[in-house]
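Fold and geometry: a report
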Amino acid sequence: MANSWRRERWDSLRLLTPNWQSRLPGLRYDGPDPDGYMTMAEVIEFIEHFAKVSRAPVRTGVNVTSVRPAGDGYQVTTSHGEIASRTVVIASGACNQPAVPPLREAVPASVEQLTPFGYRDPGQLPDGGVLVVGASATGVQLAAELRRSGRPVTLSVGEHVRLPRTYRGRDVLWWMDASGVWDQRYDEVEDLTRARRLPSPQLVGTPERATLDLNALASAGVELIGRWAAVRDGRALFSGGLRNVFSLADLKMERLLGTFDDWATAEGHDAEVGPPERFAATRVPESARLQLDLGSGEIAAIVWATGFRPDYRWLDVPVVDAKGRLNHEGGVAGRPGLYALGLPVLRRRRSTFISGIEDDARAVIDHLARYLAVRR
Ligand SMILES: Cc1cc2nc3c(=O)[nH]c(=O)nc-3n(C[C@H](O)[C@H](O)[C@H](O)COP(=O)(O)OP(=O)(O)OC[C@H]3O[C@@H](n4cnc5c(N)ncnc54)[C@H](O)[C@@H]3O)c2cc1C
């Protein structure tokens, strides 16, 4: 139970969503720190508590090795035997494996490579410089932690979502929630494919509610370089387009903050929150390096913070596309009786987060119940 939070996360991780937002069907956070961010131990406890109070018949430690069509249902093979089922809900998660680009093959053996699944704390890495690849939630958090440990850190930055931790005195995720941005439905989102692939926001949950954007990292001494494009003759080559990448992220953040301001005015909330704020543009380094010699010893380790992907190798039903993504329409997969939950923007923008499950589960299970009723 809570397997991914128990085994696949680094030691210092806290949720980036505030405690009051960690809700599961029928369970609200009722501890002493609603605006804080859960540690991994607290997340595990929260999920274990949910299993207890929901009294769901959970069987733990069972690995599903195959699900395949059988008759008008499914045959499920598990590490504990066979199950025949008329319906199946795939809730195996969206982040089962780190997504690492093929560039990793060209990295010399002298450089240690890690993914967030293997990373626990800075002490585990060899002495020397670290290249963190990817500047979304995982990358910025690990770059900050590694820099604090005293190492030289270089961060390779591609497309990213910049957000301040707080805006007008409230957590930025309060604004997402209250303004209805997170409630936008999947069939209202303009470019759904893109929305589902959007990187996680540059946020960290710390007791100080600190903003962890690229300016904060640069001020802490992290060197920012462009997107990693290729390896040639043992040299890593990076894109020179940092200025564009930064201004796009700044622009999108400004637009989102503008949406919040419009909502606050229209709904009469201006008096309850602080005055509108605007943030300094992301500072472009005077001369971002375009190459790193991976054989020089400058970089002792690479941390791939390039995202995660699901693992459907056990799913013997033709509903997974060539890129390894499940085909579904709001959680209804392309074969009768097959459903999904817990995927990015499954039915709403909030589906990506723990708090998204409640509404999604109701809608998907309604569909499932109707399907069974009709068949009966
Ligand atoms: C690094 C990281 C940080 C995150 N931080 C936040 C956050 O701050 N706030 C937030 O709301 N969300 C966060 N998320 C997103 C978070 O993972 C989801 O909101 C939530 O965990 C989804 O729950 P889930 O049960 O759908 O998937 P998961 O938590 O991934 O659980 C899926 C489970 O299915 C199991 N499984 C997979 N395949 C099989 C199989 N074949 N047989 C048996 N079991 C199987 C897995 O072992 C796992 O236990 C984060 C994600 C990551 C990767």
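Preceding this paragraph is the structure being described.
What you are looking at is a predicted structure, and each value in this text was computed from that prediction instead of being measured.

1. Comments concerning the site of the ligand
As a matter of local geometry, the ligand sits amid 22 residues, with Asn3, Leu16, Thr17, Val64 and Ile354 nearest to it. One of the backbone N or O atoms of valine 64 is found 2.8 Å from a nitrogen atom in the ligand. Residue threonine 352 places a main-chain N or O atom 3.3 Å away from an oxygen atom belonging to the ligand. For the ligand, whose unbound accessible area comes to 980 Å², protein coverage reaches 77%. Sorting elements by how many residues they give to the shell around the ligand places helix α1 (residues 3-7) first, with 3 residues. Its residues assigned to classes, the shell around the ligand shows 12 nonpolar, 9 polar and 1 charged.

2. A few points about the sheet that holds strand β8 (residues 153-156)
Overall, parallel pairing links the 5 strands, which are arranged β6-β17-β7-β8-β13 in an open sheet. Each edge of the open sheet is held by one strand with a lone partner, namely β6 (112-114) and β13 (223-225). Adjacent strand axes in the sheet meet at a mean angle of 20° when their direction is disregarded. Bridge count between strand β7 (residues 129-133) and β8: 4 bridges; the pairing is parallel. Counterpart to valine 133 in the pairing with β8 is serine 156.

3. What about empty space enclosed by the protein?
Counted according to the given criterion, the structure contains 1 cavity of 30 Å³ or more. Quantified by volume, the largest cavity comes out at close to 40 Å³. What lines the largest cavity is Glu159, His160, Val245, Leu248, Ala249 and Lys252.

4. Things to note about the sheet that holds strand β15 (residues 235-238)
In spatial order, the strands read β14-β15-β16; together these 3 strands make up an open sheet with antiparallel pairing. Strands with a single pairing partner mark the edges of an open sheet, and in this sheet they are β14 (228-232) and β16 (291-293). Neighbour-to-neighbour, the strand axes of this sheet turn through a mean angle of 20°, independent of strand direction. Pairing of β14 with β15, which is carried by 4 bridges, proceeds in the antiparallel orientation. Bridging from a neighbouring strand, alanine 230 pairs with leucine 237 of β15.

5. Regarding the nonpolar core
Grouped together as the largest cluster of nonpolar side chains are 38 residues, with contacts concentrated most on Val132, Leu155, Leu214 and Leu217. Contact partners of valine 132, with chain neighbours within four places excluded, come to Gly139, Ala143, Leu146, Val153, Thr154, Leu155, Ser156, Val303 and Ala305.

6. Digging into unusual backbone geometry
If you check the backbone angles, arginine 55 has positive phi at about 50° while not being a glycine. Residue placement: arginine 55 occurs in the loop between α2 (40-54) and β1 (64-70). Residue aspartate 233 is not a glycine yet carries a positive backbone phi of 50°. Relative to the elements of secondary structure, aspartate 233 occurs in the loop between β14 and β15. Judged by its relative accessible area of 77%, aspartate 233 falls in the exposed class.

7. Let's talk about the environment of asparagine 327
Here asparagine 327 shows up in the loop between β18 (308-309) and β19 (328-329). The class for asparagine 327 is partly exposed, based on a relative accessible area of 40%. Each C-alpha atom of the pair asparagine 327 and threonine 39 lies 33 Å from the other, and the pair is 288 residues apart in sequence. Setting aside residues up to four positions removed in sequence, asparagine 327 forms contacts with Val319, Val320, Asp321, Ala333 and Gly334.

8. What to know about the packing of aromatic side chains
Under the counting rule described, the total for this entry stands at 12 aromatic pairs. Taken together, a centroid distance of 4.6 Å and an interplanar angle of 20° make the contact between tryptophan 182 and phenylalanine 353 stacked. Taken together, the residues span a long stretch of sequence, with tryptophan 182 in the loop between α4 (172-178) and α5 (192-197) and phenylalanine 353 in the loop between β21 (338-340) and α8 (357-375) at a distance of 171 residues. Among the residues examined, tryptophan 182 registers a relative accessible area of 5% and is labelled buried. One aromatic cluster is present, built from ring pairs that chain together Tyr167, Trp174, Trp175, Phe260, Trp263 and Phe279. Residue placement shows arginine 9 over the ring face of tryptophan 5; its charged tip is 4.4 Å from the ring centre.

Rules behind the numbers
Residues numbered from 1 in each chain as written. Predicted model: local features only at pLDDT ≥ 70, side-chain atom pairs only at ≥ 80, totals over all residues. Heavy atoms only, no water. Near = heavy atom within 4 Å. Polar contact = N/O pair within 3.5 Å; in protein donor to acceptor, adjacent residues only side chain to side chain. Areas by Shrake-Rupley, 256 points an atom, 1.4 Å probe, with all protein chains shown as cover. Helix = DSSP H or I, 4+ residues; strand = E, 2+ residues; numbered from the N terminus. Nonpolar A, V, L, I, M, F, W, Y, C, P; charged D, E, K, R; others polar. Pairing = 2+ DSSP bridges. Axes fitted to C-alpha atoms, helices over the stretch in contact; angles between N-to-C directions. 1 Å grid on protein atoms, 1.4 Å probe; cavity = no way out; pocket = protein on both sides within 12 Å on 5 of 7 lines; lining within 4 Å. Points joined across faces, edges and corners; volume = space filled by probe spheres on them. Core = buried A, V, L, I, M, F, W, Y, C linked by side-chain atoms within 4.5 Å. Buried < 20%, exposed > 50% of the residue type's maximum accessible area, 1.4 Å probe, protein only. Contact = heavy atoms within 4.5 Å. Phe/Tyr/Trp six-rings, centres within 6.5 Å; stacked < 30°, edge-to-face > 60°. Lys NZ or Arg CZ within 6 Å of the ring centre and 35° of its normal.

Scope: geometric values only; no functional claims are made or implied.
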